Amino acid sequence: MKRILPDYSYSDGPRTACYWDETTTAPVWPRHDGEAKVDVAIIGGGFTGLSAALHLAEAGVDVAVLEAKTPGWGASGRNGGFCCIGGSRRSEKGLMRDYGLAVAEEYLNAEVAAVDLVDGLIARLGLEVDRHSDGETLLAHRPSDMRYLEAQAAEMVREGGPTPILLRRQDLAGAGLRADFYGALTTPKGFALNPQKYLFGLAGAAQAAGAGLYAESAVQTIKRADGGWVLTTAQGRVTCDKVLIATNGYSSEDLPNWMAGRYMPTQSSVLVTRPLTQTEIDAQGWSSHQMCYDTRHLLHYFRLMPDRRMLFGMRGGLKGTASSETAARAKLRTHFDKMFPAWRGVEATHCWSGLVCLTRHRLPFAGPIPDQPGMFAGFAYHGNGVAMGSYSGFLLSQLAQGKNPVPQAMQTPPPRFELGGARRAIMPVVYASLMLADI
Ligand SMILES: Cc1cc2nc3c(=O)[nH]c(=O)nc-3n(C[C@H](O)[C@H](O)[C@H](O)COP(=O)(O)OP(=O)(O)OC[C@H]3O[C@@H](n4cnc5c(N)ncnc54)[C@H](O)[C@@H]3O)c2cc1C
């Protein structure tokens, strides 16, 4: 595996003290040993890989998931649990300008369908995922952003969808959202969940449907053979007709070589406090259980969970080393204290980080890998992979069966970033310009 961040980013270091590990008991998965043959092999056991495995196994396809660590070890088992509309970092206007109305609308409908897919899976599989929040709430961090929220609300009404709720600054305290914001827009779509409970639910359902799930089985090479593919792991080989690459932020430049330069792994960090007392909740005036984020480009995301712990996340460190992780955690705490001053003394019992994935054209990808018959990849949800990763997994399962329901915009192969393996060097510049735009 040829990866572009320091080894620390791919170690257990950033993941220690992940709250979700305390709320779940990880099943025991076997390691893949020896020789095996399946119809479809999936590399990566996150939402993308497991959703693909579930849908394939349910369709009667012989499928195996090979995961380097344990299913959910990557971003899927350590995210903020916002199951919401998203996946790209493009505005509606930008999409329409660059792709035309029909393609843009098809993609935007897919973002909604992604949330519906997760909603449907939870109901169908009977998963208990600590669900809460009625849609998502976007908070204006400066007065001028209220104009944007108003325009968004007007657009939603025009489109005739579910009615958005617009709150002015003076209404926020009454809604249990007292912090230094200038207003809020609630879009009544999406919900929050415990991502690891959802992940383990998907894994269990995939296994029950017949999928093989293997932990500690990192794929080291992929080679073409006899019209199919041979994957080697440290302990064995898997021969298959089709391969799905579902490694997202944990991808390698050489698995396959086509991936080189097409994805940008980027850290996101989360803290979780101890359960807040009623007195502390009253002191801050934040009692809402809505999942919230702010209008910054470098946004903060936060939600008061059903167990009264506050979850708060933002971008992580830039270097991917242990010392940059320490600095990022300190910064995370500073931002939390600034946003919720009444909770300055409240202990954060858990803090961790992980890798999200971006593309240069700021759209997710789900599609065939050019010139590699039977090989498909799904990645780059721009920090919104609970819904879009699950959906992308579903799309990959369809591609592997010879169907193609993938929105056109998602099939455009992401162009390569400049600087190749050194492309992370542009991130400080990107962050600095976004920080300026947020002032
Ligand atoms: C801190 C944080 C907070 C986030 N918050 C949210 C949120 O609130 N809402 C939201 O929608 N999204 C959120 N995201 C993003 C979301 O978690 C991801 O988009 C999503 O989990 C990606 O799923 P995936 O299955 O594609 O990749 P991952 O879950 O990252 O899984 C990829 C897997 O591939 C494995 N792998 C890599 N190489 C190999 C190999 N050679 N062989 C075998 N296995 C391999 C890795 O070990 C890893 O487990 C967050 C991410 C982070 C890190």
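Counting starts from 1 at the beginning of each chain's written sequence and moves along it residue by residue. With pLDDT at 70 or above as the cut-off, local features in this predicted model cover only qualifying residues; side-chain atom pairs require 80 or more to be listed or tallied, and sums for whole chains, interfaces and linings still use all residues. To obtain the side-chain values, all non-hydrogen atoms of the structure were used and water was disregarded.

*Asks:* Please clarify how the side chain of Arg-90 should be interpreted in this entry.
*Replies:* Note on conventions: DSSP H or I runs of at least 4 residues are helices, E runs of at least 2 residues are strands, and numbering of each starts at the N terminus. Mapped onto the elements of the fold, Arg-90 is located in the loop between strand S3 (82-83) and helix H3 (92-99). The definition of a polar contact used here is a pair of N or O atoms within 3.5 Å, where within protein one atom must be able to donate a hydrogen and the other to accept one, and adjacent residues in sequence count solely through side-chain atom pairs. Here His-361 takes part through its backbone oxygen, which lies 3.0 Å from a polar atom of the side chain of Arg-90. Any pair of residues with heavy atoms lying within 4.5 Å of one another is described as a contacting pair. Aside from chain neighbours lying at most four places away, what touches Arg-90 is Leu-95, Asp-98, Tyr-99, His-361, Arg-362 and Leu-363.

*Asks:* In this structure, what is going on with the nonpolar core? I would like to understand it.
*Replies:* One broad rule of soluble globular proteins: the nonpolar side chains tend to lie buried together. As used here, the term nonpolar core means buried Ala, Val, Leu, Ile, Met, Phe, Trp, Tyr and Cys residues forming a set that is joined through side-chain atoms within 4.5 Å. Burial classes: relative accessible area under 20% of the type maximum marks a residue as buried, over 50% as exposed, and values in between as partly exposed (1.4 Å probe, protein chains only). Grouped together as the largest cluster of nonpolar side chains are 57 residues, with contacts concentrated most on Ile-42, Leu-193, Tyr-198 and Leu-244. Elements supplying a minimum of two residues to this core: strand S1 (34-43), helix H2 (47-58), strand S2 (63-66), helix H4 (101-125), helix H7 (195-208) and helix H10 (385-400). If one sorts the elements of this core by residue count, H4 sits on top with 11 residues. When residues no more than four places from it in sequence are discounted, the contact partners of Tyr-198 are Phe-47, Val-118, Leu-121, Ile-122, Leu-127, Val-129, Leu-193, Val-386 and Ser-390.

*Asks:* Would you take a moment to explain the domain arrangement of the protein for this structure?
*Replies:* Where interface size is given, it is often the accessible area lost as the parts come together that is meant. Where each domain begins and ends is defined by an automated method or by a domain database. If you check the domain split of the protein, you get domain 1 (7-80 + 196-265 + 360-437) and domain 2 (137-191 + 266-358). On a C-alpha basis, the centres of domain 1 and domain 2 stand 28 Å from each other. If you look at the interface, domain 1 gives 37 residues, while domain 2 gives 31 residues. For the pairing of domain 1 and domain 2, the buried interface totals around 2,800 Å² over both sides, and the portion due to carbon and sulfur atoms is 60%. Any Lys or Arg side-chain nitrogen located within 4 Å of an Asp or Glu carboxyl oxygen qualifies as a salt bridge. Here domain 1 is connected to domain 2 by 0 salt bridges. At the level of elements, helix H1 (19-23), strand S12 (264-273) and helix H11 (427-437) are the ones that each hand at least two residues to the side of domain 1 that touches domain 2. In terms of residue count, the dominant contributor to the side of domain 1 that touches domain 2 is H11 (6 residues). Only Asp, Glu, Lys and Arg are considered charged, only Ala, Val, Leu, Ile, Met, Phe, Trp, Tyr, Cys and Pro nonpolar, and every remaining residue, Gly among them, polar. Per-class residue counts for the side of domain 1 that touches domain 2 are 22 nonpolar, 9 polar and 6 charged. Buried area: the accessible area, evaluated with a 1.4 Å probe, that two parts lose upon being put together, summed over both parts.

*Asks:* Got a minute to help me understand the sheet that holds strand S5 (residues 165-168) in this structure?
*Replies:* In a beta sheet, neighbouring strands are held together by backbone hydrogen bonds and run either parallel or antiparallel to one another. Within the open sheet, the 8 strands sit side by side as S5-S6-S4-S13-S14-S15-S12-S16. Their pairing is mixed. Each of the sheet's edge strands pairs with one partner strand only, and the pair in question is S5 and strand S16 (348-358). Within the sheet, the average angular offset between the axes of one strand and its neighbour, ignoring direction, is 20 degrees. Of the pairings in the sheet, the one linking S12 to strand S15 (residues 310-315) comprises 5 bridges and is antiparallel in character. Note on S15: the bridge partner recorded for Ser-268 is Arg-315. Those strands touched by helix H9 (residues 322-339) are S12, strand S13 (291-294), strand S14 (301-304), S15 and S16, and its axis lies near 125 degrees from that of S15. Note on geometry: axes are lines fitted to C-alpha atoms, helical ones only across the stretch in contact, with angles between N-to-C directions running from 0 to 180 degrees. Strand contacts of H11: S12, S15 and S16, with the helix running at about 55 degrees to S12, the strand carrying the most contacts. Here, any two strands with at least 2 DSSP bridges between them count as paired.

*Asks:* Help me understand the state of the cysteines in this model?
*Replies:* Cysteine sulfur atoms that pair up within 2.5 Å are treated as a disulfide. Within this structure, the stated rule accounts for 0 disulfides. Cysteine Cys-18 remains unbridged, with the sulfur of Cys-351 as its closest cysteine sulfur at 10 Å. Taking the relative accessible area as the measure of exposure, Cys-18 reaches 4% and is therefore buried. Between Cys-84, a free cysteine, and Cys-83, which holds the nearest cysteine sulfur, the sulfur-to-sulfur gap is 7.0 Å. In this structure Cys-84 comes out as buried when scored by relative accessible area, which is 6%.

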